[in-house]
Amino acid sequence: MNTLLARAGVTSCQLAQQDFLAVDPQDPKYSRVTHILLDPSCSGSGMVTRGPGEEVPSAERLQALAGFQRRVLGHALSFPALRRLVYSTCSVHREENEDVVQAVLQEQGSAFRLVTAFPSWPCRGLAAFPGAESCLRASPAETLTHGFFVAVLERCQEGADAPSSLPVAAEEKPQPREETEPGAAPRKRKRKKQRVKE
């Protein structure tokens with residue numbers, strides 16, 4: 001892992017080889033953790049390199065994995081300074097993806113919300129709940145990649161009214177008001193030219 005991190009240019013990291021569920025989020029050494037990339041164990045159903053003879057996971061196996069994934073995601077969101085978390089799997093199953101995210105968002109109340117991951121990505125989350133389109137999916141058939149899923153969860157600010165599943169991109173943001181002198185004509189805004197793809 002150290003070699004992979006070094007190749008990626010990561011300079012500020014500390015590896016901890018232990019069960020993540022055994023990590024105490026209240027431990028002072030984790031008091032400044034603001035971002036987490038959570039890639040829990042999954043069925044691996046999106047891996048193209050899996051052999052054609054390999055079995056599709058049973059419903060019982062998917063439920064067991066989803067239960068573990070919900071526990072791990074809920075635990076990760078309990079780090080007190082956490083601002084943003086990326087949840088990813090190499091699974092194509094809704095049970096391990098949208099269903100896990102929806103269940104944990106409901107448990108968290110209005111503490112976290114979804115943020116649209118890579119807005120220009122063509123394949124979005126399944127319509128399992130309002131806001132699931134903020135999630136990202138990929139598959140060999142649609143994106144010519146391995147199958148995977150990404151959801152970005154962000155802590156809501158204190159006193160925020162936004163429901164947890166409302167994506168940030170969908171919220172209306174007030175436009176800044178321009179200061180003008182009384183009686184002065186409003187300033188014209190420059191428009192960006194849009195390129196048309198052929």
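Attention here is on the structure that accompanies the text. Small disclaimer: the values here were computed from a predicted structure and weren't measured.

Most often, soluble globular proteins keep nonpolar side chains buried together rather than apart. Membership of the largest hydrophobic core comes to 26 residues, with the highest contact counts inside it found for L85 and Y87. Mapped onto this core, the elements with two or more residues apiece are β1 (35-38), α2 (59-76), β2 (84-89), α3 (98-108), β3 (112-115) and β5 (148-155). Apart from the residues within four sequence positions on either side, Y87 is in contact with L38, P40, Q69, L73, E96, N97, V100, V101, F149, V150 and A151. Formed by five residues, the second largest nonpolar core is a distinct cluster that contains V115, L136, V150 and V152.

Within β5, six of the eight residues are buried, which leaves it mostly tucked inside the rest of the structure. The pairing of β2 with β5 spans six bridges and is classified as antiparallel. In the sheet register, R84 faces β5, and the bridge partner there is E154. As paired elements, β3 and β5 share four bridges and run antiparallel to each other. Considered in β5, the bridge of R113 is made with E154. Judged from the three bridges that link them, strand β4 (residues 136-138) and β5 form a sheet pairing that is antiparallel. Bridge pairing links R137 to F149 in β5.

The subject of this paragraph is the pattern of salt bridges. Opposite charge on two side chains permits pairing when their charged atoms draw close. For the coordinates displayed, the defined rule picks out four salt bridges. A salt bridge links R84 to E154; the nearest nitrogen and oxygen atoms lie 2.6 Å apart. Taken together, the residues span a long stretch of sequence, with R84 in strand β2 and E154 in strand β5 at a distance of 70 residues. With relative accessibility at 17%, the residue E154 sits in the buried group. In this structure, E154 and R113 form a salt bridge, with 3.3 Å as the shortest nitrogen-oxygen distance.

With that settled, consider unusual backbone geometry. Here F118, not a glycine, exhibits a phi torsion of approximately 40 degrees, which is positive. Along the chain, the position of F118 falls in the loop between β3 and β4. A residue is classified by how much of its surface remains accessible, and F118, at 61% relative accessible area, is exposed.

It is worth spelling out α2 at this point. With 18 residues, α2 should cover 26 Å at 1.5 Å per step; its first-to-last C-alpha distance of 25 Å lies within 8% of that length. Taken together, the buried positions of α2 are L62, L65, A66, G67, Q69, V72, L73, G74, H75 and A76. Tucked inside the fold, the buried residues of α2 contact β1, β2 and α3.

Thresholds applied
- Residues numbered from 1 in each chain as written.
- Predicted model: local features only at pLDDT ≥ 70, side-chain atom pairs only at ≥ 80, totals over all residues.
- Heavy atoms only, no water.
- Core = buried A, V, L, I, M, F, W, Y, C linked by side-chain atoms within 4.5 Å.
- Buried < 20%, exposed > 50% of the residue type's maximum accessible area, 1.4 Å probe, protein only.
- Helix = DSSP H or I, 4+ residues; strand = E, 2+ residues; numbered from the N terminus.
- Contact = heavy atoms within 4.5 Å.
- Pairing = 2+ DSSP bridges.
- Salt bridge = Lys/Arg side-chain N within 4 Å of Asp/Glu carboxyl O.
- Expected span 1.5 Å × (residues − 1).

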